[in-house]
Amino acid sequence: MRALREALIAFRRAPLLSVLGIVTIAFSLFAVGLFGLVATNIRETLSRVEERVEIRAYVAEGTAAEAIAAAVGDIGDFPEVARVDFVSQEAALSRARRELPEFRDVYEGTFLPASIDVRMRPGYRDPAQVRSVAARIRTYPFVDDLQYGEEWVEKLARIRNIAGLAGLALGLAFAVVAIMIIGTTIRMAVLARSREISIMRLVGATDSFIRRPFLIEGFVKGILGGGFALLLTWLASLLISRYIVRTTFFDPSLATIGVVGGAIIGLLGSLVSVGRHLRRI
Amino acid sequence: MIRFTHVVKEYPRTGLALNDVSLDVAKGEFVFLTGPSGSGKSTILKLVYMEELPTAGEVRVSGSTTSALKRGDVAKLRRKLGIVFQDFRLLEDRSAEANVAFALEVTGAPRAQIPARVSRLLAQVGLASKATAFPRELSGGEQQRVAIARALVNDPFVLIADEPTGNLDDRATRGIFQLLREINASGTAVVMATHNLDVIRRSDYRTIEINRGQIVFDSAEQRGLPTEEVV
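Residues numbered from 1 in each chain as written. Chains lettered and ligands numbered in written order. Predicted model: local features only at pLDDT ≥ 70, side-chain atom pairs only at ≥ 80, totals over all residues.

Caption draft 1: Structural detail: the nonpolar core. Residues L33, V48, V100, A149, I160, V190 and V191 of chain B are the most contacted members of the largest nonpolar core, which totals 69 residues. Looking at this core element by element, the count peaks at 6 residues for helix α3 (residues 96-105) of chain B. Residues within four places of V191 of chain B in sequence aside, it is in contact with V25, V31, L33, L45, V48, V158 and I160 of chain B. Grouped together as the second largest cluster of nonpolar side chains are 28 residues, I25, F174, A189 and L224 of chain A included. (Core = buried A, V, L, I, M, F, W, Y, C linked by C-beta atoms within 7 Å. Buried ≥ 20, exposed ≤ 12 C-beta atoms within 10 Å, placed from the backbone. Helix = DSSP H or I, 4+ residues; strand = E, 2+ residues; numbered from the N terminus. Contact = placed C-beta atoms within 7 Å.)

Caption draft 2: Broad picture of the pairing of strand β6 (residues 81-85) of chain B. Residue and element names in this part refer to chain B. Within β6, 4 of the 5 residues are buried, which leaves it mostly tucked inside the rest of the structure. Judged from the 5 bridges that link them, β6 and strand β7 (residues 158-162) form a sheet pairing that is parallel. Its bridge partner being in β7, I83 is matched across the sheet by I160. (Pairing = 2+ DSSP bridges.)

Caption draft 3: Representation of the environment of D24 of chain B within the structure. All names here are of chain B. Assignment of secondary structure puts D24 in strand β2 (residues 15-25). Given 15 C-beta atoms within 10 Å, D24 falls into the partly exposed group. Along the sequence, D24 and V61 sit 37 residues apart, while their C-alpha atoms lie 10.0 Å from each other. Once residues within four sequence positions are removed from consideration, D24 is found in contact with I2 and R3.

Caption draft 4: Region of interest: the sheet that holds strand β4 (residues 56-61) of chain B. Residues and elements named next belong to chain B. What the 4 strands build is an open sheet, ordered β2-β1-β4-β5; its pairing is antiparallel. Each of the sheet's edge strands pairs with one partner strand only, and the pair in question is β2 and β5 (64-65). Relative to β5, β4 is paired through 2 bridges, and the arrangement is antiparallel. Note on β5: the bridge partner recorded for V61 is S64.

The following block contains the structure:
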């Protein structure tokens, strides 16, 4: 309680230094936030694209309806498969007209093959799984041809891996920078109060007592900086959505993690800094 | 109460500061430490409040021993000591009473008791009327009184004073010395480093003279001859 009050007093005594600290934390976390926004949106887009990963098996003309129905049932039982649809010749034609209305005239009287369309379950959309399911479907004698955009699936998986790794690495780098910046602001705060601290030592205040207000200060700065960074990121995503591309913002739990992360970074930064600088006073 | 046993203190840069110093300070005693600048007076005081630890030998202060020091022992010890310096070491941005209260706050005194104790202490050092004054509004002697009041907050068994009158004129010096005598008379031991010979002559307290890191004279033991400076 006393430590909290001390921390607040410290804010009041050196408002400029405190604001400076919060702003620097906010901007370094803003950088993390912007990258997080990019990563979230890449992920979002990729998962939307991934939903469309499907295997289309073209069925030979004149195949008995029972054989097709049996195959649809079998394929639907594969653990990797989310959905199986039979698309008849007529349905294929009307779908083509619906999806590509510009070519409506071309389809008049055109023949399109019937197909079995298979959608993969999330988590099974990587190239190896898709390939293995495709191979199993190919074994049905009535399957003429099979499409599943092999290259495309592999590229997608690679992009996702690279984006994930880059996000992790950059996020960590920015977090380290933020910790160092917070360490520096705490160091300035410690030095600004070095006289007070030396007197506290002299009259017998314990080290943990001396340290506590600084830790709270770092924690509070981290939370405020994190909140401020969240606001900036939200504004940025709003602007990007309006003028460039539609973006999704973090969901509330991710946003909370961001602010809590800021607080933890603040605490870590002060912990590292305060111990080292107290020893020198 | 304070016991130095064959204490050697060597600083990494400046070399030997104390060379085989043994001394005892009894409960309630008043002791002057004297000697030229750099002789080791301040080092002895720093060893008492355990700002420094001996290179060899042992310092024992009220049950705390440098050879078996645990975490937090130093803070605990300092709550039983009062320390004042030549440069007062007050917080410039706080009033006299806030400076005294600060020492109570940071050592965890019950909040409700602080104001009464602070005004009692300020009255004891003769500053009751200047409780709300800031250090810059006080004379040197008055500032040192605030520092002494602060040193007394936790009822120390010993008051350690490192050149407490070094920055003061004669009148203020006499006043501070009188205050230290009163504090001593009420049972608190006083260890005072000074090279103010007037002060020493005006009393018949025990005097220990240090030169080049060694005790060259101790009026309690008469182990050596007083040098010209002291006589």
